[in-house]
Amino acid sequence: MASGLGVALFSSAVFGLSGSFAKALLETGWTPGAAVTARLTGAALILAIPGIVALRGRWHQLRSNWLTVLLFGLIGVAACQLFYFNAVARLSVGVALLLEYLAPVIIVLWLWAASRRRPRVLTIAGTLLSLGGLVLVLDLTGAVKIDVVGVLWGLAAAVCLAIYFFITAKENDSLPPIVLASGGLMVGAATMWSAAATGLLPMAFSAADTRLGPWVTPWWVALGGLVVLATVLAYVSGIVAARALGSKVASFISLTEVLFAVIWAWLLLGELPGPIQLVGGLLIVGGVLLVRLDELRAPSGAALPPALDHANDVEPVP
């Protein structure tokens, strides 16, 4: 348990670096599409060999799960990261990630509307708390002006993350997690390159130096950190943590990613949300905690929609 907790916290810490590394590249002229494409391509190449080894020649596992891998790559990997990076380009890293973390609230509202069954009191309380936190994060009457387009990108990332939760919530013992991660990254990278080739996705790179905290570094330092630390190590350590702690406990600990992301953005970019936004962030995280706590407290055999019972039973993909 102790070692699993350490791995889970490490996973959250390196996942939280993605926004800072990406923004350092965006500020030198990279487009969000270019940053996402480079991230997915590099990570897919690195994880290809471990994924093949994990299959052990059982290629039928990929054939029988091709739709899951395809949807995971298109929505959970490519779209989710592209929308998040677009939000980061217009908002602070912390605010963009807090918007994305409204995904569990979206899941609750969707299941409520689809099933016409009212959630339990704790889930409703968590949902209302998170929505109240969203109002504070946007700080509509404050001195800090929020970019509306950036907010829409952040909410779009939250929707994609919610869909990702539904996709991965399905019990599947036939496909190793690292194969799903590797295959999804390959699909995501191929999707981004295809969109760029057809002119649908603006793609611009830059060889200008990036600034990370007090250091001015070559562009490949930020890109390497984005690929190796914030993607490869983050995915692998997240899988290890989920196996050591159980995915429910690991998903709780993954909420620390918000805290790590804010700290990294402060140290590396000099960004820090305002006091009202920080309070709103605490409310959002607190609301999500209540929703997940309600899932854990659900009595055995309770009549719950299966998707809600497993909606957060995975690690998030920032």
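Numbers given for residues are sequential positions, taken from 1 along each chain in its written order. Restriction of local features to residues with pLDDT of at least 70 applies here, the model being predicted, together with a cutoff of 80 or more for giving and counting side-chain atom pairs; totals for whole chains, interfaces and linings are based on all residues. Water and hydrogen atoms play no part in the side-chain values, which are based on all heavy atoms of the structure.

*Asks:* Outline the nonpolar core, supporting the account with residue identities and numerical values.
*Replies:* Nine residue types can take part in a nonpolar core, namely buried Ala, Val, Leu, Ile, Met, Phe, Trp, Tyr and Cys, and a core is a set of them joined through side-chain atoms within 4.5 Å. When accessible area is computed with a 1.4 Å probe and restricted to protein chains, residues below 20% of their type maximum are described as buried, those above 50% as exposed, and intermediate ones as partly exposed. If you look at the biggest cluster of nonpolar residues, it comprises 78 residues, and the most contacted ones within it are Trp 30, Leu 40, Tyr 84, Leu 99 and Leu 185. The element contributing the most residues to this core is helix 5 (residues 66-90), with 11 residues. Residue contacts are defined here by distance: any two heavy atoms, one from each residue, within 4.5 Å place the two residues in contact. Contact partners of Leu 99, with chain neighbours within four places excluded, come to Leu 91, Leu 134, Leu 138, Val 151, Gly 154, Leu 155 and Ala 158. Helix and strand definitions here come from DSSP, where helices need a minimum of 4 consecutive H or I residues and strands a minimum of 2 consecutive E residues; each element is numbered from the N-terminal end.

*Asks:* Break down the packing of aromatic side chains for me, with residues and values.
*Replies:* Stacked, tilted and edge-to-face are the three classes assigned to paired rings of Phe, Tyr and Trp, where Trp is represented by its six-membered ring and a pair needs centres within 6.5 Å; plane angles under 30 degrees give stacked, over 60 edge-to-face, the rest tilted. As enumerated under the stated definition, the model contains 4 aromatic pairs in all. Between Trp 30 and Phe 205, the aromatic rings sit 5.1 Å apart at their centres with planes inclined by 80°, giving edge-to-face as the arrangement. Of the two residues, Trp 30 is situated in the loop between helix 2 (18-26) and helix 3 (32-55) and Phe 205 in the loop between helix 10 (177-197) and strand 1 (210-212); the sequence distance between them amounts to 175 residues. When its relative accessible area of 44% is taken as the criterion, Phe 205 is described as partly exposed. On the numbers, 6.2 Å between centres and 40° between planes, the contact of Trp 30 with Trp 219 is tilted.

*Asks:* Please set out the packing of helix 6 (residues 93-100) against helix 13 (residues 256-269) residue by residue, giving values where relevant.
*Replies:* Across the interface, helix 6 lies against helix 13 with an axial gap of 9 Å and an inter-helix angle of 160°. If you check the angle between helix 6 and helix 13, you find them roughly antiparallel. Considering only the axes of helix 6 and helix 13, their crossing is right-handed. Contacts between helix 6 and helix 13 involve Val 93, Gly 94, Leu 97 and Leu 98 from the former and Glu 257, Val 258, Ala 261, Val 262, Ala 265 and Leu 269 from the latter. Classification convention: Asp, Glu, Lys, Arg as charged; Ala, Val, Leu, Ile, Met, Phe, Trp, Tyr, Cys, Pro as nonpolar; all other residues, Gly among them, as polar. Of the residues in the contact of helix 6 with helix 13, the class split is 8 nonpolar, 1 polar and 1 charged. For helices, the fitted axis covers only the stretch in contact; all axes are lines through C-alpha atoms, and the angles between them, taken along N-to-C directions, range from 0 to 180 degrees. Roughly parallel means an angle under 35 degrees; roughly antiparallel means over 145; roughly perpendicular covers 65 to 115; every other angle is labelled oblique. Crossings are assigned a handedness: left-handed for a near helix turned anticlockwise from the far helix by less than a right angle, right-handed for a clockwise turn.

*Asks:* Describe helix 10, and please don't skip the residues or the numbers.
*Replies:* With 21 residues, helix 10 extends 30 Å from end C-alpha to end C-alpha; this agrees with the ideal 30 Å at 1.5 Å per step. Where helix 10 is concerned, the buried positions are Ile 178, Val 179, Leu 180, Ala 181, Ser 182, Gly 183, Gly 184, Leu 185, Val 187, Gly 188, Ala 189 and Met 192. Directly after helix 10, the chain includes Gly 199, whose backbone phi takes a positive value near 85°. Given a helix with a known number of residues, its expected span is that number minus one, times 1.5 Å.

*Asks:* Which residues make up the environment of Val 108, and what values go with them?
*Replies:* Residue position: Val 108 is located in helix 7 (residues 103-115). Given the relative accessible area of 2%, Val 108 is considered buried.

*Asks:* Mind laying out helix 8 (residues 121-138), listing which residues take part and the relevant values?
*Replies:* Because an α-helix packs 3.6 residues into every turn, residues spaced three or four apart end up facing the same way. Compared with an ideal rise of 1.5 Å per residue, which puts 18 residues at 26 Å, helix 8 spans 26 Å between its outermost C-alpha atoms and is within 8% of the ideal. Listed as buried for helix 8 are Thr 123, Ile 124, Gly 126, Thr 127, Ser 130, Gly 133, Leu 134, Val 137 and Leu 138.

*Asks:* Give me the lowdown on the packing of helix 7 against helix 8, citing residues and values where you can.
*Replies:* At their nearest, the axes of helix 7 and helix 8 sit 10 Å apart, and the two run at 125° to each other. Between helix 7 and helix 8, the angle falls in the class oblique. The two elements helix 7 and helix 8 cross, and the hand of that crossing is left-handed. Contacts between helix 7 and helix 8 involve Val 105, Val 108, Leu 109 and Trp 112 from the former and Thr 123, Ile 124, Thr 127, Ser 130 and Leu 131 from the latter. By residue class, the composition of the contact of helix 7 with helix 8 is 6 nonpolar, 3 polar and no charged.

*Asks:* Give me the lowdown on the confidence of the model for the protein, citing residues and values where you can.
*Replies:* Low pLDDT marks stretches whose predicted atomic positions should not be read closely. Averaged over all residues, the pLDDT of the protein is 81; the fraction at 70 or higher stands at 85%. Mean pLDDT across the elements of the protein bottoms out in helix 15 (residues 306-310) (44) and peaks in helix 2 (93). Along the chain, pLDDT gives the predictor's confidence residue by residue, from 0 to 100. Within the model, pLDDT remains below 50 along residues 300-317, and this stretch shows 50 contacts once partners closer than five positions in the same chain are excluded.

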